[in-house]
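Inside the fold
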Amino acid sequence: MAQTCRRSVLAAAGAAVLVAGCGGGGGDDGPSPTAGAPTETGTPTGGAGGEELTGTAEVPVGGGVILKEQRIVVTQPEEGRFEGFSAVCTHQQCLVGSVTDGAIVCPCHGSRFAVADGAVLTGPATRPLPAEPITVEGGTVLRA
């Protein structure tokens, strides 16, 4: 009878975890890769629409709104172009506190992120805010 070495068992277990993590079991895997794909202006489109986040009239041009409960920031860097970002600062996971002067501002340590793409403008954060897929239908911004 062949003896199984510990390394083989661990490798097999690791492979099983990787395969299980990539499964498409129809559960809560999120949107398909094509749903919410950005358009040329960067505003996500498509899909049947999701959770209503805010009205487009509530999002100032060059600014944005923070939706604390959903932990999303919706910005309008230029007229008619809407972007969505995580409202959780990448520095120490504080919730951002304001959107002013073209920047999403974290009150904890002063990190500032660009309203156009979530890029770090001022640290201590070193990573941009992750994009959150949104779509605009009529005068409403929806989670994609």
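An account of the accompanying structure is given in this report. What you see is a predicted model, and the numbers here were worked out from it, not measured in a lab.

Each helix and strand counted, the protein chain has one helix and 10 strands in total. Reading the secondary structure of the protein chain in the N-to-C direction produces α-β-β-β-β-β-β-β-β-β-β. Taking all 144 residues of the protein chain together, the buried fraction comes to 32%. A fraction of 43% describes how many contacts in the protein chain between residues 6 or more apart in sequence connect residues 24 or more apart.

Glancing now at the state of the cysteines. Going through the model one piece at a time under the given rule, you end up with one disulfide. Disulfide pairing places Cys94 opposite Cys108 at an S-S distance of 2.1 Å. As the torsion about the S-S bond is roughly -110°, the Cys94-Cys108 disulfide counts as left-handed. With a gap of 14 residues between them, Cys94 in the loop between strand E4 (81-86) and strand E5 (98-100) and Cys108 in the loop between strand E6 (103-105) and strand E7 (112-114) connect regions that are remote in the sequence. The class for Cys108 is partly exposed, based on a relative accessible area of 37%. Cys89 forms no disulfide, and the closest cysteine sulfur to it belongs to Cys106, at a distance of 3.8 Å. Overall, Cys89 belongs to the buried group, its relative accessible area being 2%. In this structure Cys106 comes out as buried when scored by relative accessible area, which is 3%.

Basis of the calculations
- Residues numbered from 1 in each chain as written.
- Predicted model: local features only at pLDDT ≥ 70, side-chain atom pairs only at ≥ 80, totals over all residues.
- Heavy atoms only, no water.
- Helix = DSSP H or I, 4+ residues; strand = E, 2+ residues; numbered from the N terminus.
- Buried < 20%, exposed > 50% of the residue type's maximum accessible area, 1.4 Å probe, protein only.
- Contact = heavy atoms within 4.5 Å.
- Disulfide = S-S within 2.5 Å.

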